[in-house]
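Chain by chain, the residues run as shown.
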Amino acid sequence: MTDATGSTHLRVNGIDHDLDLDLHRSLLDVLRSELGLKGPKYGCGMAQCGACTVLVDGAPARACVLRVGKIGARSVTTLEGLADSETGALHPVQAGFVAEEGAQCGYCLNGMVMSAVALLRQKPNPSEACIRAALAHNLCRCGTHAEILASVRRAAALLAATPSDKAAS
């Protein structure tokens, strides 16, 4: 492998970062090690479990296999970037997971929440089959599937009750 040390600009959770680092490093490693963001988790390292899911320009992406040098001008959102930065209020999806106790061990939580955010932006009132399909590639070891489905349904209801300027964030 050639030396890929260089400068890159990342926009993460609405904040711009100029970094000098190995551009072959995974986005996950840079988010956790350089930026101190602990929402995305290392799970399998092969884009199979969903623990590292972030949103790249609003679409779910596996940060463990994305090379930081390939991100370019795209915007990255992590779990930490969902809450309202001014008030600290949880995003409706986060609030839905809290209300419905959609997490047990927390291993899958990041991926479930981030995938649910992307789903609800595309389909504000998804069917159960649609929710299942959107979350199918996020591994849950604890078996809280019923609570996770309820969490996404609750989040959809919370988003429906939220003014449209807040729901889009």
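Look a little higher up for the structure.
Undergrad: Just checking my understanding: could you explain unusual backbone geometry for this structure?
TA: What you tend to see is this: most non-glycine residues have negative phi, and most peptide bonds are trans. Positive phi, close to 55°, is recorded for Asn13, a residue that is not glycine. Relative to the helices and strands, Asn13 is located in the loop between strand E1 (5-12) and strand E2 (15-22). The backbone of Asp57 shows a phi angle near 50°, a positive value even though the residue is not glycine. As for its position among the elements, Asp57 is in the loop between strand E3 (53-56) and strand E4 (59-62).

Undergrad: How should helix H1 (residues 27-34) be read in this particular structure?
TA: Since there are 3.6 residues in each turn of an α-helix, residues three or four apart along the chain are aligned in direction. Of all the residues in H1, the buried ones are Leu27, Leu28, Val30 and Leu31. Next to the buried residues of H1 lie E1, E2, E3 and strand E5 (75-77). One or two residues past the end of H1 sits Gly36, with phi positive at roughly 70°.

Undergrad: How should I be thinking about the packing of helix H2 (residues 92-99) against helix H3 (residues 109-122) in this particular structure?
TA: How two helices pack is summed up by the angle between their axes together with the distance between the axes. Following both chains from N to C, one finds H2 and H3 inclined at 130°, their axes separated by 9 Å at the closest point. When the axes of H2 and H3 are compared, the pair comes out oblique. Our pair here, H2 against H3, has a crossing hand that is right-handed. In this structure, H2 uses Val93, Gln94 and Phe97 to contact H3, whose residues at the interface are Leu109, Met112, Val113, Ala116, Val117 and Leu120.

Undergrad: Help me out: how do you make sense of the sheet that holds E2 in this one?
TA: A sheet is described by the order of its strands in space; here 5 strands give the open sequence E2-E1-E5-E3-E4, paired in mixed fashion. Of all strands in the sheet, those with a lone pairing partner are E2 and E4, marking the two edges. Sheet twist, expressed as the mean angle between neighbouring strand axes with direction ignored, is 40°. Bridge analysis of E3 against E5 gives 2 bridges, and the strand direction is antiparallel.

Undergrad: Hey, could you run me through the nonpolar core in this one?
TA: In a soluble, globular protein the nonpolar side chains are often hidden away together inside. Val93, Phe97, Met112, Val113, Leu120, Ile148 and Val152 are the most contacted members of the largest nonpolar core, which has 27 residues in total. Listing elements by their share of this core, those giving two or more residues are H2, H3, helix H4 (128-135) and helix H5 (145-160). With 8 residues, H3 is the single largest residue contributor to this core. Here Ile148 is in contact with Phe97, Gly102, Cys108, Met112, Leu135 and Cys140, once residues within four sequence places are set aside. The next biggest cluster of nonpolar side chains, apart from the first, holds 19 residues, and it includes Leu19, Leu27, Cys52 and Ala61.

How each quantity is defined
- Residues numbered from 1 in each chain as written.
- Predicted model: local features only at pLDDT ≥ 70, side-chain atom pairs only at ≥ 80, totals over all residues.
- Heavy atoms only, no water.
- Helix = DSSP H or I, 4+ residues; strand = E, 2+ residues; numbered from the N terminus.
- Buried < 20%, exposed > 50% of the residue type's maximum accessible area, 1.4 Å probe, protein only.
- Contact = heavy atoms within 4.5 Å.
- Axes fitted to C-alpha atoms, helices over the stretch in contact; angles between N-to-C directions.
- Parallel < 35°, antiparallel > 145°, perpendicular 65-115°, else oblique.
- Left-handed = near helix turned anticlockwise from the far one by under 90°.
- Pairing = 2+ DSSP bridges.
- Core = buried A, V, L, I, M, F, W, Y, C linked by side-chain atoms within 4.5 Å.

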